[in-house]
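# Observations on the three-dimensional arrangement
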Amino acid sequence: NQLCLTARVVELYPLRYTPGGVAIVRFKLAHGSEQNEARAIRQLNMEIACVATEKMARLVCAAPLGTAVRVEGFIAHRGKNHRGIELHALNIQFE
């Protein structure tokens, strides 16, 4: 699966390292837009949990809250003990 989303960074957790030494950060994005579906305009407002590793993790950690970004990645379960999903950010660009 693939997802490309433009949004704002609204929550940012501290950068941490896995036992193997991989930099990782969890953050939250908020998106708002109007979309045309079935000839009707829909107002969309949503938040999605995200995770980034290594270079992308350090990049998003440098962004102040409210920064507009374009994130490309994939959706996966947060983990075997969690029911929610999160966006795994493979590429982050500042808008």
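Report follows, based on the coordinates. (Residues numbered from 1 in each chain as written. Predicted model: local features only at pLDDT ≥ 70, side-chain atom pairs only at ≥ 80, totals over all residues. Heavy atoms only, no water.)

In total, this model carries six salt bridges according to the counting rule given. Here Glu 11 and Lys 28 are joined by a salt bridge, their closest N and O atoms 3.7 Å apart. Linking Glu 11 in strand 1 (residues 3-12) with Lys 28 in strand 3 (residues 23-37), this pair joins segments that are 17 residues apart in sequence. According to the relative accessible area criterion, Glu 11 is partly exposed, its value standing at 27%. Residue classification places Lys 28 among the partly exposed residues on the basis of a relative accessible area of 24%. For Glu 37, the salt bridge identified is with Arg 42, shortest N-O distance 2.8 Å. Since its relative accessible area comes to 41%, Arg 42 is described here as partly exposed. Each of Glu 11, Lys 28 and Glu 47 takes part in a single network of salt bridges with overlapping partners. (Salt bridge = Lys/Arg side-chain N within 4 Å of Asp/Glu carboxyl O. Helix = DSSP H or I, 4+ residues; strand = E, 2+ residues; numbered from the N terminus. Buried < 20%, exposed > 50% of the residue type's maximum accessible area, 1.4 Å probe, protein only.)

This part covers the side chain of Glu 86. Locating Glu 86 in the fold gives a position in strand 6 (residues 82-94). The class of Glu 86 is buried, set by a relative accessible area of 2%. A polar side-chain atom of Glu 86 sits 2.7 Å from a polar atom in the side chain of Arg 26. The residues contacting Glu 86, other than those within four sequence positions of it, are Arg 26, Ala 49, Cys 50, Val 51, Phe 74, Ile 75, Ala 76, His 77 and Arg 78. (Polar contact = N/O pair within 3.5 Å; in protein donor to acceptor, adjacent residues only side chain to side chain. Contact = heavy atoms within 4.5 Å.)

Turning next to unusual backbone geometry. Across the chain, the bulk of peptide bonds are trans and the bulk of non-glycine residues have phi less than zero. Positive phi, close to 55°, is recorded for Ala 38, a residue that is not glycine. Tracing the sequence through the fold places Ala 38 in the loop between strand 3 and strand 4 (40-53). Unusually for a residue other than glycine, Glu 54 sits at a positive phi of about 45°. Within the secondary structure, Glu 54 is located in helix 1 (residues 54-61). Looking at Glu 54, the relative accessible area reads 32%, which means it is partly exposed.

What follows is about the nonpolar core. Ranked by internal contacts, the top residues of the largest apolar core, which has 17 residues, are Phe 27, Leu 29, Ala 52, Val 71 and Ile 92. Looking at this core, the elements that each hand over two or more residues are strand 1, strand 3, strand 4, helix 1, strand 5 (68-79) and strand 6. (Core = buried A, V, L, I, M, F, W, Y, C linked by side-chain atoms within 4.5 Å.)

To continue, consider the pairing of strand 6. Alignment of strand 4 against strand 6, held across three bridges, turns out to be parallel. Directly across from Val 51, in strand 6, lies its bridge partner His 88. Two strands pair when backbone bridges link them, and strand 5 and strand 6 are joined in this way by 10 bridges, in the antiparallel orientation. Considered in strand 6, the bridge of Glu 72 is made with Asn 91. The hairpin formed by strand 5 and strand 6 contains two residues between the paired strands. (Pairing = 2+ DSSP bridges.)

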